[in-house]
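# Summary of the model geometry
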Amino acid sequence: RTMPLDSAGVRTQLTSSGFGTIMSLIDQHATHKSDRFAELDAARDLVEQGWRDVLRLQAREVGLQQPLDDAEKAWSEQQSEEAFDRIVELQQLKSKPVGAEDKQE
C-alpha cells in the first residue's frame, strides 16, 4: 500500500534518491527573500497576509495601467507639464510598497 506524501515526505524521498543538491539549489532560489509567506514552513497567518498583499499589488497595477497609458498618450500629443506630472504621479503610486497607499503622509 502506498501512502501519499506531504511536502516533507516528498523532500525526504527526493533527497534519498540523490536529488539533495538540486533540492538545496531550488530552496535557495525558489522565492524572493521578502516572500517568506511562500516558503513551505510559513505560518498560516503569514501566508494569508502575503496573498492579500499580492492581490492588492495586482489590483493596483491593473488599476493604474490605463490612466498611465492615457497620461503617456497625452504627453506624446501635447508635451505639457500637466501630462508629465501625471505620469510621474502614477509611476510613484505604482512604485509604493504594498500597504503604503493606506498610510497617511
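This report concerns the structure included in the present document. (Residues numbered from 1 in each chain as written. Predicted model: local features only at pLDDT ≥ 70, side-chain atom pairs only at ≥ 80, totals over all residues. Heavy atoms only, no water.)

What follows deals with the overall build of the chain. Of regular secondary structure, the chain possesses three helices and zero strands. Sequence separation of at least 24 residues holds for 39% of the intrachain contacts in the chain that already meet a minimum separation of 6. Carbon and sulfur atoms form 55% of the exposed surface of the chain, whose accessible area is close to 8500 Å². (Helix = DSSP H or I, 4+ residues; strand = E, 2+ residues; numbered from the N terminus. Contact = heavy atoms within 4.5 Å. Areas by Shrake-Rupley, 256 points an atom, 1.4 Å probe, with all protein chains shown as cover.)

Phi at Gln-79 is positive, roughly 50°, even though this residue is not glycine. Along the chain, Gln-79 turns up in the loop between helix H2 (44-78) and helix H3 (81-95). Owing to a relative accessible area of 47%, Gln-79 belongs among the partly exposed residues under this scheme. (Buried < 20%, exposed > 50% of the residue type's maximum accessible area, 1.4 Å probe, protein only.)

Moving on: the packing of H2 against H3. Between H2 and H3, the least distance of the axes is 9 Å, while the angle of their chain directions is 160°. Taken together, H2 and H3 sit at an angle that is classed as roughly antiparallel. In this structure, H2 meets H3 at a crossing whose hand is left-handed. Contact residues: Arg-60, Glu-61, Leu-64, Gln-65, Pro-67, Leu-68, Ala-71, Glu-72, Ala-74 and Trp-75 in H2; Ala-83, Phe-84, Arg-86, Ile-87, Leu-90, Gln-91, Leu-93 and Lys-94 in H3. Taken together, the residues that form the contact of H2 with H3 break down as eleven nonpolar, two polar and five charged. (Axes fitted to C-alpha atoms, helices over the stretch in contact; angles between N-to-C directions. Parallel < 35°, antiparallel > 145°, perpendicular 65-115°, else oblique. Left-handed = near helix turned anticlockwise from the far one by under 90°. Nonpolar A, V, L, I, M, F, W, Y, C, P; charged D, E, K, R; others polar.)

This paragraph deals with the nonpolar core. With five residues, the main nonpolar core is built from Leu-64, Leu-68, Ala-71, Ile-87 and Leu-90. If near-sequence neighbours (up to four positions away) are discounted, Leu-68 is found in contact with Ile-87, Leu-90, Gln-91 and Lys-94. (Core = buried A, V, L, I, M, F, W, Y, C linked by side-chain atoms within 4.5 Å.)

A word on the packing of aromatic side chains. In total, this model carries two aromatic pairs according to the counting rule given. Centre to centre, the rings of Phe-37 and Trp-51 are 5.5 Å apart; their planes meet at 80°, and the pair counts as edge-to-face. One end of the pair, Phe-37, is in the loop between helix H1 (7-29) and H2; the other, Trp-51, is in helix H2, with 14 residues separating them in the sequence. Between Trp-75 and Phe-84, the ring centres sit 5.8 Å apart and the planes meet at 55°, which makes this aromatic pair tilted. (Phe/Tyr/Trp six-rings, centres within 6.5 Å; stacked < 30°, edge-to-face > 60°.)

Here the focus is the pattern of salt bridges. Tallying each qualifying case throughout the model produces four salt bridges. The shortest N-O distance in the salt bridge between Glu-61 and Lys-94 comes to 3.0 Å. Note that Glu-61 is positioned in helix H2 and Lys-94 in helix H3, a separation of 33 residues in sequence. (Salt bridge = Lys/Arg side-chain N within 4 Å of Asp/Glu carboxyl O.)

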